[in-house]
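Coordinates in review
Each chain, written out:
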Amino acid sequence: MNSFSTFTLLLLLLLPILASCHEKQVYIVYFGGHNGERALHEIEENHHSYLLSVKESEEDARSSLIYSYKHSINGFAALLTPQEASKLSELEEVVSVYKSEPRKYSLHTTRSWEFSGVEESVAPNSLRKDDLLLKARYGKDVIIGVLDSGLWPESKSFSDEGMGPIPKSWKGICQSGDAFNSSNCNKKIIGARYYIKGYEHYYGPLNRTLDYRSPRDKDGHGTHTSSTAGGKMVPNVSSIGGFASGTASGGAPLARLAMYKVCWAIPREGKEDGNTCFDEDMLAAMDDAIADGVDVISISIGTKEPQPFDQDSIAIGALHAMKKNIVVACSAGNSGPAPSTLSNTAPWIITVGASSVDRTFLSPVVLGNGKKFMGQTVTPYKLKKKMYPLVYAGEVINSNVTKDLAGQCLPGSLLPKKAKGKIVFCLRGNGTRVGKGGEVKKAGGIGYIIGNSKANGAELAADAHLLPATAVDYKSAMQILNYINSTKSPVAYIVPGKTVLHSKPAPYMASFTSRGPSAVAPDILKPDITAPGLNILAAWSGGSSPTKLDIDDRVVEYNIISGTSMSCPHVGGAAALLKAIHPTWSSAAIRSALITSAGLTNNVGKQITDASGKPADPFQFGGGHFRPSKASDPGLVYDASYQDYLLFLCASGVKDLDKSFKCPKKSHSPRDLNYPSLAIPHLNGTVTVSRRLTNVGAPKSVYFASAKPPLGFSVEISPPVLSFKHVDSKRTFTITVKARSDMMDSILKDQYVFGWYSWNDGIHNVRSPMAVKLA
């Protein structure tokens, strides 16, 4: 046989093996929860036996296992072919088998607490007796677990000075790795772990120049979120350039922090474009966090596409956390302003949107025609006070840039000979804001103006650019563009930025915040609440620059960034304070207290608007802007148990998320869940739902119902008066919603309309939003 024939035969023999190797991917095999007490090694052996049933050998079964979830979550992540996964999914005891999708999850990237009514800038001896922080003892001994990109332990925000011994309930560890060991944990950071098996299986061994193979943060995001939730009070801090100076503090400054690093840098991509977080790594982290003894979990991670509950690792992990009475707060996502863009919509999660605070970083643009347009920036760089040539990016581009991307300052798009020494005007769209500024700097531009697209409206994100720069709203951007196009030699000057407090109106909704209705569960109104997420100052990693750009070698201790990633830990911190005051409250009670006490008005006394000044609605802000002080004494709560959520899942068509629970024969509606809000996506005639209230206020109290019906509908609450004889007593009522026959012509069939219903005892106003759409 000649060598060619031998090679061909060898190739034919190897092809099936090569094909099966190529086909193998990581799948999560989920059984539900653990029933009964079994040793950890017994659970792992049980998982091995399932793998052995579909694998050729014991060795293959053992080597294919990536994680065995052994504490609260029962399941495993393993390397399987589609055929093996399919075979396992047919087993009666298996709830779901789903593929780990790379890039499915990503991170949702001081004054905010003060603005939200949690005053930390007051000296301790001048605090009022009823002050929330004092009542909550600053969150003392509450443990907040954070799933993110790690943390920078040397930050002053993580100092344990003056903190007592670690709570006895804590069972976690401080895991060693690159530039991180047990000495990096203290009485503030009491736990730190990292999860990388899923990431490394897909991308190969971690490039140690990109990230630390340890809980240490080389990105900045995890340091920012964890310090926002539970960082210590640190006086006299600011971002680069001295912006936002003051005291930085987390919501619960004496809470303990545990970091679960699950998000990692993507090879061959800029850090400014974000990280990735794998299903199997996050499930392992949540399984450990529950066993470690955390009280609150803050997760600023989500999906671009909504996921069904039985294939959503965050939803599955959060359900097991809720069973152990752990509060889970998650970011809504940054895919706004389009509708139905929310992630993390499970009703056992607090889903958080993003809004502004009353602080701006003003940096106007002055044009050669004398016109001035207000912008915002936190760049430390300034121009000499004179006019500079101004050019639109679309006029100084390489010939290979397409027309639709011409003005967006994307990588390699600008011609240095035409941009050098000029202020370059770029438009938002594709690419990152800081990346566009980086391109202008590379091309020799002396300054940079970034103009909003129509979708971004008047929302201005302030960035620590690499050159003198400012951001302007859509209307200003169009006028600047008109000036450039109508002037022979356009010129401009960027006025250096300054911090301005008490700006009005505030809060307003960030345009990037993802919106409802929920694509997965339209009968649950989401998001639940909004909190500060625009231009937030918090601690930063010493291993990352303020922009995360490769060409940026600056190092900062505190940084200003934006995203629902920033709003989520605000609610995580608030939940920790409520846990400290009410340790026996369920996670549903805490979520209810936050939703029903939230605020609807801005600091000029009008309804909260979107970034363009139009009235915002509950699909942007849920119950409203969070008010932690009000939430600590809500009067009444809408409570819900683990079984209530399983009934909700049955009604939603997810029958077996817990194999030990049998769905009732009589089907419920998903909207029967005792939730602190109401969504009716297909109203046909009349809908009546019941709700149950628990008294957590004064022992003897009487509440009166009121409603602001959605336009074109009537709302009847029965009974209209509820009396409670003691604390923890419960009362049930019904809400009947129907379309008004006299207004049928004014109701748009494909559009939601919004209203409210409330219970009031003269002290508490327990308000719930509602969203209704005709069938």
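From a predicted model like this one, the values you see are computed outputs, not experimental measurements. (Residues numbered from 1 in each chain as written. Predicted model: local features only at pLDDT ≥ 70, side-chain atom pairs only at ≥ 80, totals over all residues. Heavy atoms only, no water.)

Focus: the packing of helix α9 (residues 279-292) against helix α10 (residues 313-323)
- Two numbers describe how α9 lies on α10: the axes approach to 9 Å, and their chain directions differ by 10°. Between α9 and α10, the angle falls in the class roughly parallel. Between α9 and α10, the residues in contact are Asp279, Met282, Leu283, Met286 and Ile290 and Ser313, Ile314, Ile316, Gly317, Ala318, His320 and Ala321, respectively.
- In terms of residue class, the contact of α9 with α10 is made up of eight nonpolar, three polar and one charged. (Axes fitted to C-alpha atoms, helices over the stretch in contact; angles between N-to-C directions. Helix = DSSP H or I, 4+ residues; strand = E, 2+ residues; numbered from the N terminus. Parallel < 35°, antiparallel > 145°, perpendicular 65-115°, else oblique. Contact = heavy atoms within 4.5 Å. Nonpolar A, V, L, I, M, F, W, Y, C, P; charged D, E, K, R; others polar.)

Points about helix α13 (residues 474-486)
- The terminal C-alpha atoms of α13, which comprises 13 residues, lie 18 Å apart, in line with the 18 Å expected from a rise of 1.5 Å per residue.
- Within α13, the full set of buried residues consists of Ser476, Ala477, Ile480, Leu481, Tyr483 and Ile484. The buried residues of α13 occupy an angular sector of 160° when projected down its axis, which confines them to one face. Turned more than 90 degrees off the buried face of α13, the exposed positions are Lys475, Asn485 and Ser486.
- Of the residues that open α13, the one with a side-chain oxygen 3.3 Å from the backbone nitrogen of Lys475 is Asp473. (Expected span 1.5 Å × (residues − 1). Buried < 20%, exposed > 50% of the residue type's maximum accessible area, 1.4 Å probe, protein only. Arc of directions from axis to C-beta. Polar contact = N/O pair within 3.5 Å; in protein donor to acceptor, adjacent residues only side chain to side chain.)

Here we look at the nonpolar core
- One finds Leu147, Tyr260, Ile297, Ile299, Ile301, Trp348 and Leu649 to be the most contacted residues of the largest nonpolar core, which totals 63 residues.
- When sequence neighbours within four positions are dropped, the list of residues in contact with Tyr260 reads Gly145, Val146, Leu147, Asp148, Trp170, Arg193, Tyr195, Ala285, Asp288, Ala289, Asp292 and Val294.
- Of all hydrophobic cores here, the second largest spans 42 residues; its members include Val142, Cys185, Ala252 and Ile350. (Core = buried A, V, L, I, M, F, W, Y, C linked by side-chain atoms within 4.5 Å.)

Side note on the packing of helix α8 (residues 221-230) against helix α14 (residues 564-581)
- The N-to-C vectors of α8 and α14 enclose an angle of 30°; their axes lie 7 Å apart at closest approach. Handedness of the crossing formed by α8 with α14: right-handed. Contacts between α8 and α14 involve His221, His224, Thr225, Thr228 and Ala229 from the first element and Ser565, Met566, Pro569, His570 and Gly573 from the second.
- Looking at the contact of α8 with α14, its residues break down into three nonpolar, seven polar and no charged. (Left-handed = near helix turned anticlockwise from the far one by under 90°.)

Things to note about a nonpolar patch on the surface
- Together, Val702, Phe704 and Val721 line one region of the surface with nonpolar side chains, adding up to about 250 Å² of accessible area.
- For Val702, the position within the fold is in strand β33 (residues 701-708).
- Among the residues examined, Val702 registers a relative accessible area of 38% and is labelled partly exposed. (Patch = residues over 30% accessible without salt bridge, like charges linked within 9 Å, V, L, I, M, F, W, Y side chains within 5 Å. Areas by Shrake-Rupley, 256 points an atom, 1.4 Å probe, with all protein chains shown as cover. Salt bridge = Lys/Arg side-chain N within 4 Å of Asp/Glu carboxyl O.)

So, the layout of surface pockets
- In this structure, the second largest pocket occupies an estimated 510 Å³ of space.
- Together, 24 residues line the second largest pocket, and Gly33, His34, Asn35, Gly36 and Ser72 are the ones closest to its centre.
- Elements with a minimum of two residues in the lining of the second largest pocket: β1 (25-33), α2 (40-52), α9 and α10.
- Here the lining of the second largest pocket gets four residues from one element, more than from any other, and that element is α2.
- Looking at the lining of the second largest pocket residue by residue, the classes come out as six nonpolar, 10 polar and eight charged. (1 Å grid on protein atoms, 1.4 Å probe; cavity = no way out; pocket = protein on both sides within 12 Å on 5 of 7 lines; lining within 4 Å. Points joined across faces, edges and corners; volume = space filled by probe spheres on them.)

Notes on the environment of Arg103
- With respect to the secondary-structure elements, Arg103 resides in the loop between β4 (96-99) and β5 (105-107).
- Once residues within four sequence positions are removed from consideration, Arg103 is found in contact with Tyr203, Ile266, Glu269 and Thr276.
- Side-chain polar atoms of Arg103 contact the side chain of Glu269, separated by 3.0 Å.

Observations regarding the UniProt feature "domain: PA" (unreviewed entry) in the protein chain
- UniProt records the feature "domain: PA" (unreviewed entry) for residues 388-480 in the present numbering.
- Strand forms 20% of residues 388-480 and helix 23%; the C-alpha atoms that close the span are 14 Å apart. (UniProt positions renumbered as here; feature names shortened; annotations may be inferred.)

A short note on the state of the cysteines
- Tallying each qualifying case throughout the model produces four disulfides.
- Between the sulfur atoms of Cys409 and its disulfide mate Cys426 the distance is 1.9 Å. With the S-S bond torsion at -80°, the cross-link from Cys409 to Cys426 turns out left-handed. With Cys409 in the loop between β21 (388-392) and α11 (416-419) and Cys426 in strand β22 (residues 423-427), the pair connects residues that are 17 residues apart, well separated along the chain. The two residues Cys409 and Cys426 agree in class, both being buried.
- The thiol of Cys330 is not disulfide-bonded; the next cysteine sulfur, from Cys568, is found 5.9 Å away.
- Exposure remark for Cys568: the relative accessible area of 0% places this residue in the buried category. (Disulfide = S-S within 2.5 Å.)

Description of the sheet that holds strand β3 (residues 73-80)
- Spatial strand order, β2-β3-β1-β4: four strands in an open sheet with antiparallel pairing. The open sheet has two edge strands, β2 (65-69) and β4, and neither has a second partner. Mean inter-strand twist for the sheet, computed between neighbouring axes without regard to direction, equals 15°.
- Pairing between β1 and β4: four bridges, direction antiparallel. Of the residues in β4, the one forming a bridge with Tyr27 is Lys99. (Pairing = 2+ DSSP bridges.)

Structural notes on the pairing of strand β7 (residues 189-194)
- Among the six residues in β7, six count as buried, and that is most of the element.
- Across five bridges, β7 lies against strand β10 (residues 256-261) in parallel orientation. Bridge pairing in β10 links Ile189 to Leu257.

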